[in-house]
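Read off the chains here:
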Amino acid sequence: MTSRAPLRAWGNPSLPSLPNPRMLRARATAYFVLMFILLALLPFSIVESLVALGVAKLAIPADAILGVGTLQAVLEAYTVLSKPTRRYGLSILLAALCSLGYLGVFLTSSALTVDIPTSAGPLTAQVIYTPVILLFMIGPAFRLMGGVLVWMEDRLHPGERLRLEFPSPH
């Protein structure tokens, strides 16, 4: 099989059976919506609510959380779209680097200051969440290594991953 040969051949078990592009786009759209809610809207609304109530002060602006969360959701959707292509490894790398950068921003200011009103005056407490952020960074670090491996495999053995991930139904 040459690199210019068609990737879908009905009845040929040696070629992969790639998913329908319309179905792939639907999956990517659904994944984008889910990731946008989890990575952008939810953190943004939590931070905005805490700041508006005057309960907490965070060194990261809420708009930055919304922007980077949106970028991360777009990269995750692109990863779903690029799975049957040779760009899949690079899309995993970009998404993992963005995740590490997103968490790294939180790591630089990993203290949350909470003002608790009391009858004797406000009591200020500080919650340091550095260990939690470091634990969250383990997943993207492994994903980064996986992206490197997928990228190398696609470069060294074009089409091999596709035959394994999208086997022919025949």
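This one's a predicted model, so the numbers in the text were calculated from it and none came from an experiment.

Enquirer: Looking at this model, I keep getting lost on the nonpolar core. Mind explaining?
Expert: Most often, soluble globular proteins have nonpolar side chains that are buried together. Judged by nonpolar contacts, Val47, Ile60, Ala62, Ile65, Leu100, Tyr102, Leu103, Phe106, Tyr129, Ile133 and Met137 together constitute the single largest core of 11 residues. Of all elements in the fold, only helix H2 (62-81) and helix H3 (88-108) reach the threshold of two or more residues within this core. The element that contributes the greatest number of residues to this core is H3, accounting for four residues. Residues within four places of Leu103 in sequence aside, it is in contact with Ile133, Phe136, Met137 and Pro140.

Enquirer: How do you make sense of the side chain of Ser99 when you look at a structure like this?
Expert: Structurally, the position occupied by Ser99 is in helix H3. With a relative accessible area of 13%, Ser99 lands in the buried category. Setting aside residues no more than four positions away along its own chain, Ser99 makes contact with Gln72, Glu76 and Pro140.

Enquirer: Quick question: what am I supposed to make of helix H5 (residues 138-156) here?
Expert: For an α-helix, 3.6 residues make a turn, and residues three or four places apart therefore share a direction. With 19 residues, H5 ought to run about 27 Å at 1.5 Å a step, and its terminal C-alpha atoms sit 27 Å apart, in line with that. Within H5 the residues assigned to the buried category are Pro140, Gly147, Val150 and Asp154. One side of H5 holds all its buried residues, which, seen down the axis, span an arc of 70°. Across from the buried face of H5, at angles greater than 90 degrees, the exposed residues are Phe142, Leu149 and Leu156. Of the surrounding elements, those touching the buried residues of H5 are H3, helix H4 (130-136) and helix H6 (160-165).

Conventions adopted
Residues numbered from 1 in each chain as written. Predicted model: local features only at pLDDT ≥ 70, side-chain atom pairs only at ≥ 80, totals over all residues. Heavy atoms only, no water. Core = buried A, V, L, I, M, F, W, Y, C linked by side-chain atoms within 4.5 Å. Buried < 20%, exposed > 50% of the residue type's maximum accessible area, 1.4 Å probe, protein only. Helix = DSSP H or I, 4+ residues; strand = E, 2+ residues; numbered from the N terminus. Contact = heavy atoms within 4.5 Å. Expected span 1.5 Å × (residues − 1). Arc of directions from axis to C-beta.

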